[in-house]
Number of protein chains: 2
Amino acid sequence: MKSLEEKIVKEGRVLNDNVLKIDGFLNHQIDVKFIEEIGKEFKRIFKDEKVTKILTVEASGISIAYETSKHFDYVPVIFAKKTPANNQDVSVYTTEVYSYTREKIYFITVAKEYLKKEDNVLIIDDFLANGSALNGMLEVCKQAGCNVVGCGVVVEKAFQSGGKEIREKGHNVVALARIKTMSKDKIEFVD
Amino acid sequence: MKSLEEKIVKEGRVLNDNVLKIDGFLNHQIDVKFIEEIGKEFKRIFKDEKVTKILTVEASGISIAYETSKHFDYVPVIFAKKTPANNQDVSVYTTEVYSYTREKIYFITVAKEYLKKEDNVLIIDDFLANGSALNGMLEVCKQAGCNVVGCGVVVEKAFQSGGKEIREKGHNVVALARIKTMSKDKIEFVD
């Protein structure tokens, strides 16, 4: 998505070889008009899928998932909750996620009543790097026994291995911008 | 907002005298079509205000703030971040918030670059009870020196004191549904 690549180059800030901040339009301040473009792009990509639920994880995924829902007949959006500890609650699906950025473990949970085995789930997230959050959501869907029709992420750090590994497992992972290399001076995208 | 009151009665779950769960359409699963109605209602209420930014707090406020922005010329939405500790970062406005539900203190932060003293801010949140989150956002706006044009909340537990106290300080706080009393059997709204 050319306009996204341009926006990342213009407004993104590379803090180090691993951390790209796009707080100005997605992760802290939200550019609503631009998120509409992202929603349209996910529709174009996944238009042939019969999506019944959109799953994301709090907090940055919510605006994207919300906008995308409008293009899929307003299917319910579910945002997985992040909790510091495994709450042992039998009414939820839950799994451990390791955050490389924060160097700690957290858990994501989804109430069982909102994901059913009949569901066709589109997973949406902001970033894909090591794949830990995405793998967590895939695990939650596996526990629910539902069908994952695809995974749409806004930015993939393609120099990290998450995307490759998840695709090799057979999942349809599409990123709107795929970063090949990045440094404080330059961001290069995969063609 | 009649349709909201009806939805709360139909889909809400009162866990005890203080806790109302509306996870089915706002706090975990999002009913996007219904959030559109909420956005329209906030527009109707605050239409005369010259809003330049919408401020909310992660995570449940995001979808409402995002939708509301569309009615105010797509002004930027900022979601305050919740952090367990005061991070001492001089580039952010920050304040302590006490969560009565979880019985613990957390901090909310907003990067200084996203709130300016020229801004006219509409604050949006899901719940208002003791007013701790709303007071936190008002404090952040005070630190930024910006003008708060109003506070729109989806549900106010009017039997708790937060709303009254914040209105007495002169803020324009509007709740779309105001609960007078609630129990497992019955929810009554303020007329």
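See the structure printed just above.
All values reported here derive from a predicted model rather than from experimental measurement.

Chemist: Kindly report on the packing of helix α4 (residues 61-69) of chain A against helix α4 (residues 61-69) of chain B, identifying the contributing residues and their values.
Modeler: Packing of α4 of chain A against α4 of chain B leaves a shortest axis separation of 9 Å and a crossing angle of 55°. Our classification of the angle between α4 of chain A and α4 of chain B gives oblique. As for the relative orientation of α4 of chain A and α4 of chain B, their crossing is right-handed in sense. Here α4 of chain A contributes Ile-62, Ser-63, Tyr-66 and Glu-67 of chain A to the contact with α4 of chain B, which in turn contributes Ile-62, Ser-63, Tyr-66 and Glu-67 of chain B. Classifying every residue of the contact of α4 of chain A with α4 of chain B by side-chain character gives four nonpolar, two polar and two charged.

Chemist: Can you explain the relation of the copies chain A and chain B? Please cite residues and give values.
Modeler: Aligned on chain B, chain A shows an RMSD of 0.0 Å; the corresponding rotation is 180° and the shift along the axis is 0.0 Å. What the superposition gives is, in effect, a two-fold axis relating one chain to the other. Residue Ala-59 of chain A, judged by its C-alpha, is the member of chain A lying nearest the rotation axis, at 2.6 Å. The overlap is high: 100% of the interface residues of chain A also sit at the interface in chain B, so the same surface is used on both sides.

Chemist: Give me the pattern of salt bridges: which residues, what numbers.
Modeler: Under the defined criterion, the tally for this structure stands at 28 salt bridges over all chains. Residue Lys-70 of chain A is joined to Glu-67 of chain B by a salt bridge in which the shortest nitrogen-to-oxygen separation is 2.5 Å. Of the two residues, Lys-70 of chain A is situated in the loop between α4 and β5 (77-83) and Glu-67 of chain B in helix α4; the pairing between them involves two chains. When its relative accessible area of 18% is taken as the criterion, Lys-70 of chain A is described as buried. Counted as one network, the salt bridges with shared partners bring together Lys-7, Glu-11 and Asp-31 of chain A.

Chemist: So what's going on with a nonpolar patch on the surface? Residues and values would help.
Modeler: A cluster of nonpolar side chains, contributed by Tyr-98, Tyr-100 and Ile-105 of chain A, occupies part of the molecular surface with about 300 Å² of accessible area. Along the chain, the position of Ile-105 of chain A falls in strand β7 (residues 104-111).

Chemist: Residues and numbers for the environment of Arg-178 of chain B, please.
Modeler: Residue and element names in this part refer to chain B. Position of Arg-178 relative to the elements: it lies in strand β10 (residues 173-182). C-alpha of Arg-178 to C-alpha of Met-137: the two residues are 41 residues apart in sequence and 20 Å apart in space. In contact with Arg-178, not counting residues within four places along its chain, are Glu-156, Ala-158, Arg-167, Glu-188, Phe-189 and Val-190.

Chemist: Please provide a residue-by-residue account of the packing of aromatic side chains, values included.
Modeler: Counted according to the given criterion, the structure contains seven aromatic pairs over all chains. Ring geometry for Tyr-98 of chain A against Tyr-100 of chain A: centres 4.9 Å apart, planes inclined by 85°, an arrangement best described as edge-to-face. On the basis of relative accessible area, Tyr-98 of chain A is assigned to the partly exposed category, the value being 35%. Residue classification places Tyr-100 of chain A among the partly exposed residues on the basis of a relative accessible area of 49%. In this arrangement the basic side chain of Lys-33 of chain A is found over the ring face of Tyr-74 of chain B, its NZ or CZ atom lying 4.1 Å from the centre. Stacked on the ring of Phe-72 of chain A, the Lys or Arg Lys-43 of chain A has its end atom at 4.7 Å from the ring centre.

Definitions and limits used
- Position labels on residues start from 1 in each chain and follow its written sequence.
- As they are written, the chains are lettered A onward and the ligands numbered 1 onward, keeping that order.
- Owing to the predicted nature of the model, reporting of local features is limited to residues with pLDDT of at least 70; listing and counting of side-chain atom pairs is limited to 80 or more, with chain, interface and lining totals taken over all residues.
- For the side-chain quantities, the full set of heavy atoms in the structure was used; hydrogens and water were omitted.
- Helix axes are fitted only over the stretch in contact, all axes being lines through C-alpha atoms; the angle between N-to-C directions runs from 0 to 180 degrees.
- Labels follow the DSSP assignment, with helices taken as runs of H or I lasting at least four residues and strands as runs of E lasting at least two, numbered in each case from the N terminus.
- In this scheme, roughly parallel covers angles under 35 degrees and roughly antiparallel covers those over 145, while 65 to 115 is roughly perpendicular and the rest are oblique.
- Left-handed describes a crossing whose near helix is turned anticlockwise from the far helix through less than a right angle; right-handed describes the clockwise counterpart.
- For this analysis, residues touch if any pair of their heavy atoms sits within 4.5 Å.
- Residues are grouped as follows: nonpolar covers Ala, Val, Leu, Ile, Met, Phe, Trp, Tyr, Cys and Pro; charged covers Asp, Glu, Lys and Arg; every other residue, Gly included, is treated as polar.
- The fit set for superposing copies consists of C-alpha atoms from residues with pLDDT of at least 70 in both; the fit itself is least squares.
- Every case where a carboxyl oxygen of Asp or Glu lies within 4 Å of a side-chain nitrogen of Lys or Arg is listed as a salt bridge.
- Note on exposure labels: buried denotes an accessible area under 20% of the residue type's maximum, exposed denotes more than 50%, and partly exposed covers the range between, all computed with a 1.4 Å probe on protein chains only.
- Exposure above 30% relative accessible area and no salt bridge define the residues that can form patches, which grow by joining like charges within 9 Å and nonpolar side chains of Val, Leu, Ile, Met, Phe, Trp and Tyr within 5 Å.
- Methods summary: accessible areas were calculated by the Shrake-Rupley approach with a probe of 1.4 Å, and residue burial reflects only the protein chains presented.
- Working definition: rings of Phe, Tyr and Trp (its six-membered ring) pair if their centres are within 6.5 Å, and the pair is stacked with planes under 30 degrees apart, edge-to-face with planes over 60 apart, and tilted otherwise.
- A ring has a charge above it when a Lys NZ or an Arg CZ is no more than 6 Å from the ring centre and no more than 35 degrees off the ring normal.

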